[in-house]
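Residue-level listing of the chains:
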Amino acid sequence: MNETPRRRSDSTRTAILTAARERFAADGYERATIRAIAKDASIDPSMVMRYYGSKEGLFAAVVAVDLRLPDLAALPRHDVGRVLVSHFLTMWEQNEVLTALLRVGVTNPAGAERTQGIFRDQLLPVARQVCPDPEQAAVRAGLMATQLLGLGLTRYVLRFPPVVALTREEVVAWLAPTLQRYLTAPSP
């Protein structure tokens, strides 16, 4: 009994995504190649390109990031900055995908678009929960992203020694008031 074309397509996509996840994790984005991923998936490299168009497209398909953001509406308003900084520290430290996504996002338009989408779709609703003026939610989410992505870039990608040396408590103490201000303070 022959597989239907749809089932073959689905199994090929699954094989490609599985191989790509493993290859990106082992080699990183820059060293992972379409050829190596195709070999791992036991398919021709042209099939990877057919389904995903490019290495960037494949990476975007592989990287599914759920920031698992806390419900800020349930928190006292003055705790929002502290809770978010603590949450992101945990996310950066436990999820190598975020670091990989950040690396790709700063060097590649498709990675940047994927990063923008994650922050737009997941941070913007958080800002809407707590900011005093709903019309400013996008700006406030963007400002929040400057701090969180800056933290991720300097601490986990570029590994600036003074930032890496900070304890978790120090990072929270420095950044929480800034996030708090971005999200809940009156507009300047």
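The rules behind the values
Residues numbered from 1 in each chain as written. Predicted model: local features only at pLDDT ≥ 70, side-chain atom pairs only at ≥ 80, totals over all residues. Heavy atoms only, no water. Helix = DSSP H or I, 4+ residues; strand = E, 2+ residues; numbered from the N terminus. Expected span 1.5 Å × (residues − 1). Buried < 20%, exposed > 50% of the residue type's maximum accessible area, 1.4 Å probe, protein only. Axes fitted to C-alpha atoms, helices over the stretch in contact; angles between N-to-C directions. Parallel < 35°, antiparallel > 145°, perpendicular 65-115°, else oblique. Left-handed = near helix turned anticlockwise from the far one by under 90°. Contact = heavy atoms within 4.5 Å. Lys, Arg positive; Asp, Glu negative; His and termini not counted. Salt bridge = Lys/Arg side-chain N within 4 Å of Asp/Glu carboxyl O. Polar contact = N/O pair within 3.5 Å; in protein donor to acceptor, adjacent residues only side chain to side chain. Nonpolar A, V, L, I, M, F, W, Y, C, P; charged D, E, K, R; others polar. Core = buried A, V, L, I, M, F, W, Y, C linked by side-chain atoms within 4.5 Å.

K.L.:
Where do I start with helix α8 (residues 137–157) in this structure?
P.N.:
Look at α8: 28 Å from first C-alpha to last across 21 residues, which is about the 30 Å you get at 1.5 Å a residue. Looking at α8, one finds that the buried residues are Ala 137, Arg 140, Ala 141, Met 144, Ala 145, Leu 148, Leu 151, Gly 152, Thr 154, Arg 155, Tyr 156 and Val 157. Just downstream of α8 lies Arg 159, where phi reads positive at about 55 degrees.

K.L.:
What exactly am I supposed to notice about the packing of helix α5 (residues 80–94) against helix α10 (residues 168–184) here?
P.N.:
The angle between the axes and the distance between the axes are what describe a pair of packed helices. Direction vectors running N to C along α5 and α10 enclose 125 degrees, while the axes themselves pass 7 Å from each other. On the basis of the axis angle, α5 is oblique to α10. Between α5 and α10 the crossing geometry is right-handed. Across the interface between the two elements, Val 80, Gly 81, Arg 82, Leu 84, Val 85, Ser 86, Leu 89, Thr 90 and Glu 93 of α5 pack against Arg 168, Val 171, Val 172, Leu 175, Ala 176, Leu 179, Gln 180 and Leu 183 of α10.

K.L.:
Sorry if this is basic, but what is going on with the environment of Leu 69 here?
P.N.:
Tracing the backbone shows Leu 69 in the loop between α4 (55–62) and α5. Each C-alpha atom, one on Leu 69 and one on Met 49, is 34 Å from the other, the two residues being 20 residues apart in sequence.

K.L.:
Explain helix α6 (residues 96–107) here, please?
P.N.:
Note that an α-helix has 3.6 residues per turn; residues three or four places apart therefore point the same way. For α6, with 12 residues, the first-to-last C-alpha span of 17 Å sits near the 16 Å given by 1.5 Å per residue. All of the buried residues in α6 are Leu 98, Thr 99, Leu 101, Leu 102, Val 104 and Gly 105.

K.L.:
Is there a simple way to think about the environment of Leu 153 in this case?
P.N.:
Checked against the element boundaries, Leu 153 lands in helix α8. Sequence-distant contacts of Leu 153, defined by excluding residues within four places in its chain, comprise Leu 102, Leu 158 and Arg 159.

K.L.:
Sorry if this is basic, but what is going on with the side chain of Arg 140 here?
P.N.:
Tracing the chain through its elements places Arg 140 in helix α8. Despite being buried, Arg 140 has no salt bridge partner; Asp 133 is the closest side chain of opposite charge, sitting 6.8 Å away. In this structure the side chain of Arg 140 is engaged in a polar contact, spanning 2.8 Å, whose partner is the side chain of Gln 136. One polar contact links the side chain of Arg 140 to the main-chain carbonyl oxygen of Ala 185, over a distance of 2.7 Å.

K.L.:
Just to check I follow, could you spell out the packing of α5 against α6 for this structure?
P.N.:
Close contact between α5 and α6 brings their axes to 5 Å; oriented N to C, the two are set at 90 degrees. With respect to α6, the element α5 is oriented roughly perpendicular. Packed against α5, whose contacting residues are Met 91, Trp 92 and Gln 94, the element α6 presents Glu 96, Leu 98, Thr 99 and Leu 102 at the interface. Across the contact of α5 with α6, the residue classes tally to 4 nonpolar, 2 polar and 1 charged.

K.L.:
Help me out: how do you make sense of the pattern of salt bridges in this one?
P.N.:
Any two side chains of opposite charge can pair, on the condition that their charged atoms come close. Tallying each qualifying case throughout the model produces 5 salt bridges. Here Asp 40 makes a salt bridge to Arg 23, at a shortest N to O gap of 2.7 Å. Of this pair, Asp 40 sits in helix α2 (residues 34–41) while Arg 23 sits in helix α1 (residues 5–31), and the two are 17 residues apart along the sequence. Residue Arg 168 pairs with Glu 93 through a salt bridge whose shortest N-O separation is 3.2 Å. In this pair, Arg 168 is assigned in helix α10 and Glu 93 in helix α5, connecting sequence segments 75 residues apart. Residue class for Glu 93 comes out partly exposed when judged on its relative accessible area of 43%. Taken together, the shared-partner salt bridges in this structure form one network comprising Arg 23, Asp 27 and Asp 40.

K.L.:
In this structure, what is going on with the nonpolar core? I would like to understand it.
P.N.:
Nonpolar side chains tend toward joint burial in soluble globular proteins. Counting residues in each nonpolar core, the largest one holds 54 residues, and the members touching the most others are Phe 24, Leu 58, Leu 84, Val 85, Leu 123 and Met 144. Per-element accounting of this core gives the leading share, 8 residues, to α8. Ignoring sequence-local partners within four residues, the contact set of Val 85 consists of Val 171, Val 172, Leu 175, Ala 176 and Leu 179.

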